[in-house]
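# Structural characterization, general
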Amino acid sequence: MTLKSKFKEAPGFQFVADSLELMSSAGKRRLLTQPWLNDAQALNREYDRIEEAILFLNDADATASINGVRHQLMQMHDIAGTLQSLHSHILLNEIELFEIKLFAKLYATAFRFLGEHNRQSLLATSEADLCAIADQAFSILDPDNTGMAHFYIYDSYDPRLAPLRKELKACNNEDADLFSQQEAIEREVILRLSDRLLPLALSLSEALNQMAELDLLLAKATLAKQWNLCRPQLCEAREGLSFLELSNPRLRHHNETLGLRYQPVDIDLHQGVCFITGANMAGKTVLLKTIGVAQLMAQFGMFVPARKARINLVDDVVLCIGDEQNEMKGLSSFASEIIKISNTLQRAHNEHLLVLIDEPARTTNPIEGKAIVQSLATILESKSSFSLITTHYSQLALPCRRLRVKGFVESMSSEPLTPQNINLFMDYSLLPDTTDDVPQEALRIASILDCDKEMLDTARNFL
Amino acid sequence: MPFVNDILRYRSLSIVGLEKNTGKTVCHNYVLRRLHELKVPVAVTSIGIDGEQTDAVFANAKPEIILYEGMTFITSEKHYLQRRLLSELVEVDSYRTALGQLVTARVLSQGKVLLSGAATTEKLRQQIEHFKATGMPLTIVDGALSRLSLASPTVSDCMVLATGAAVSPNIQQLISRTRFVYRLINLPEVSPALQNTLSFISNGLWGIDDDGQPHDLGIASVFLLGRNQGEDIFRYGNTLFASGAVSDRLLKYLASQKNIKDITLIVRDFTKLFITLEVYAEFSKRGGELLVLQRSRLIAITLNPTSPTGYRLNSAEACAQLSDALQTPVYDVMSI
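In what follows, the accompanying structure is described. (Residues numbered from 1 in each chain as written. Chains lettered and ligands numbered in written order. Predicted model: local features only at pLDDT ≥ 70, side-chain atom pairs only at ≥ 80, totals over all residues. Heavy atoms only, no water.)

### Observations concerning the sheet that holds strand 4 (residues 272-277) of chain A
Residue and element names in this part refer to chain A.
- Read from one edge to the other, the open sheet built from six strands follows the order 6-7-8-4-9-10, with strand pairing classed as mixed. Where the open sheet ends on each side, the last strands, each with one partner, are strand 6 (316-320) and strand 10 (426-432). Here the average twist between neighbouring strands, direction ignored, is 15 degrees.
- Contacting strand 4, strand 6, strand 7 (353-358), strand 8 (386-390), strand 9 (401-408) and strand 10, helix 12 (residues 284-299) runs over the sheet at an angle of about 160 degrees to strand 7.
- On the sheet, helix 13 (residues 333-348) packs against strand 6 and strand 7 and is oriented at approximately 155 degrees with respect to strand 6. (Pairing = 2+ DSSP bridges. Helix = DSSP H or I, 4+ residues; strand = E, 2+ residues; numbered from the N terminus. Axes fitted to C-alpha atoms, helices over the stretch in contact; angles between N-to-C directions. Contact = heavy atoms within 4.5 Å.)

### Focus on the packing of helix 2 (residues 25-32) of chain A against helix 10 (residues 201-226) of chain A
Residue and element names in this part refer to chain A.
- Look at helix 2 against helix 10: their axes get within 8 Å of each other, and the N-to-C directions meet at 80 degrees. Accordingly, the angle class assigned to the pair helix 2 and helix 10 is roughly perpendicular. Taking contact as the criterion, the partners of Ala 26, Gly 27, Arg 29, Arg 30 and Leu 31 in helix 2 are, on helix 10, Leu 208, Ala 212, Glu 213, Asp 215 and Leu 216.
- Residues of the contact of helix 2 with helix 10, tallied by class, amount to five nonpolar, one polar and four charged. (Parallel < 35°, antiparallel > 145°, perpendicular 65-115°, else oblique. Nonpolar A, V, L, I, M, F, W, Y, C, P; charged D, E, K, R; others polar.)

### Some thoughts on the side chain of Thr 390 of chain A
Residue and element names in this part refer to chain A.
- Structurally, the position occupied by Thr 390 is in strand 8.
- Looking at Thr 390, the relative accessible area reads 1%, which means it is buried.
- A polar side-chain atom of Thr 390 sits 2.8 Å from the main-chain amide nitrogen of Glu 359.
- When residues no more than four places from it in sequence are discounted, the contact partners of Thr 390 are Ile 276, Lys 284, Leu 288, Ile 357, Asp 358, Glu 359 and Pro 360. (Buried < 20%, exposed > 50% of the residue type's maximum accessible area, 1.4 Å probe, protein only. Polar contact = N/O pair within 3.5 Å; in protein donor to acceptor, adjacent residues only side chain to side chain.)

### Focus on the nonpolar core
- Formed by 165 residues in total, the largest nonpolar core has its most connected members in Phe 13, Tyr 107, Phe 243 and Ile 267 of chain A together with Leu 67 of chain B.
- The biggest single contributor to this core is helix 10 of chain A, with 14 residues.
- Filtering out sequence-adjacent residues up to four positions away, Phe 13 of chain A remains in contact with Leu 3, Lys 6, Phe 7, Val 293, Leu 296, Met 297 and Phe 300 of chain A.
- Within the second largest apolar cluster, 55 residues are counted, among which are Leu 184, Ala 242, Ile 263 and Leu 326 of chain B. (Core = buried A, V, L, I, M, F, W, Y, C linked by side-chain atoms within 4.5 Å.)

Here is the structure:
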């Protein structure tokens, strides 16, 4: 499971990935192939590195070095293919040699910038002295010691080149015979250069990966600073998971851009099932998506959008929002949903999951629908997974934990209530719910939204 | 040394041909040779593929671009490796074309090269900006085939137009077609105030009121004009601004209006006009006026008297007639 595979499943997670300011294509490749981390030690090591990167970025004396490192990353090409060719004895051309030379210079320069503030460890994650390797590669490709990252087959590579080129210059490079003699010598030179570079190929590949890692690391640290993300604390399954002031990055960004209020929420989950109830527009679906995004961020080695977070490592996040009707496959919304739920239950037998299901069985009749929810919750309650299920069904008669979104509170704002500012009157915080009833506020919300009066009155008569 | 000194007043030059085989490359080589003699540092880039060794359509031998020591050029990976000159790689762009990445190199000893460049004018514009920013006095853009888009004043500061027997072996027709493009290139500009207002508009057809304020007419495509009856496109005034491409269809539609004598149509620049001589003539004859936001600076017109099919015009006569018709100097590209 890689990060890219989660974009389609988890709405809002791609926004997080897109917000990472990566400088290089190698960094982007590294991001998209970032594996799911399920090992506390590996994750903590990654979080430690982010913390160190934040310290570096916050160091006012290091601004020039930080910009220097970023500048190297920006100029870097993803030369993985070229290094692979070198390693596989495929004859390189001048352009590929240029790219190796440029890369070697960028690596060594980035290393030295970091070294000015004793932060080489952000780049050099192995014992090997790759900076010395990069210097060696550069000097092989810079026989005249120009120090510049320009390249051609220099005269000094072969004593026959200078006199030949003098002759060629005299005829404006138009003598085909002399020109092909030159090409033959250039080929010999390239062969010799490849032989000299070959022993460095694997180390240079490692250096490329390190640069890609550094790019991603700096992007993660920058995002953590920008969004005030927090380092999640990893804990045991029985301790559950909890977020203090959890917020949804995409929605928060959207609201802040429009100058709207955004309210973070606190939530904790234990093993088994927790139901969320609440009026329409109370943010239940957003809550599920937000928890999903936070868990994904944590296990892809990022800090999370909360003031404080305790995370429990899971094998996967399953998000079932139910808006994935698939007409093309001939499936109705109910069919797509029930198949996904069924697959999730199968997986929950032997996997430790974070299951987030939005209003299951809402698109079928309420009698069978309720029975499906009861069955689903009963099965998940017995598993080690964490399950969070939103519902409008009442009287479920199950021993599961229940939370309710506070919802519509008229006294929250002094502004006149309109369909556009209804958000100002919503309290999104969660309360433990002891009753088995759900809030019945659908008609009230509909009337605030200026819905057809006749429809509302008629509906009230039917109640 | 015709027109080369005029070029030096600008930072970028595009060389465009009215047709294939109008001697664009010969003209380019002339300009490069002169600039080399004047010791002006130059960067050379192109759009699409150019400098093919043989012409893909007629299979005739084509002259190659000759570059001199100290010049900087951009071409694709593939054509860089086939170059017949000595040069030093300066930069490789990760932007990919059908012929590989684009590379920038500096010539160490004179020779020939095939130029191939970015596929879009936007990328071309970035390259020109980059060269400007790094202090390059002049960037020359070589156009592929008969693409005119690079001569847009939003891309290059000035242009040279190449025409010739390839356009038509009939000298009257050659004059008529060249004069038409010449007129479009020299369409008058709108007032600086209106230029400023309209330059921020990126799409749609707009009506301009008497105070010079633009109003979106809500017409997604000029192809829909005339379909929705009752929609008065002159409700804000008789001056319209078309922010995108303009075809015969719009001109014909306007020419058929009762108020055609008062109609002014503004287009971004001449490269947005995809119109025929006949329709334009009808539009102007009936009193319509065509203006541009930005005019291209035409430095010179060159003429190639030989057509790819082997036909040869009388050079002196053709240049004189064309020059007379356009009231501007025309140079035989083979003898400058």
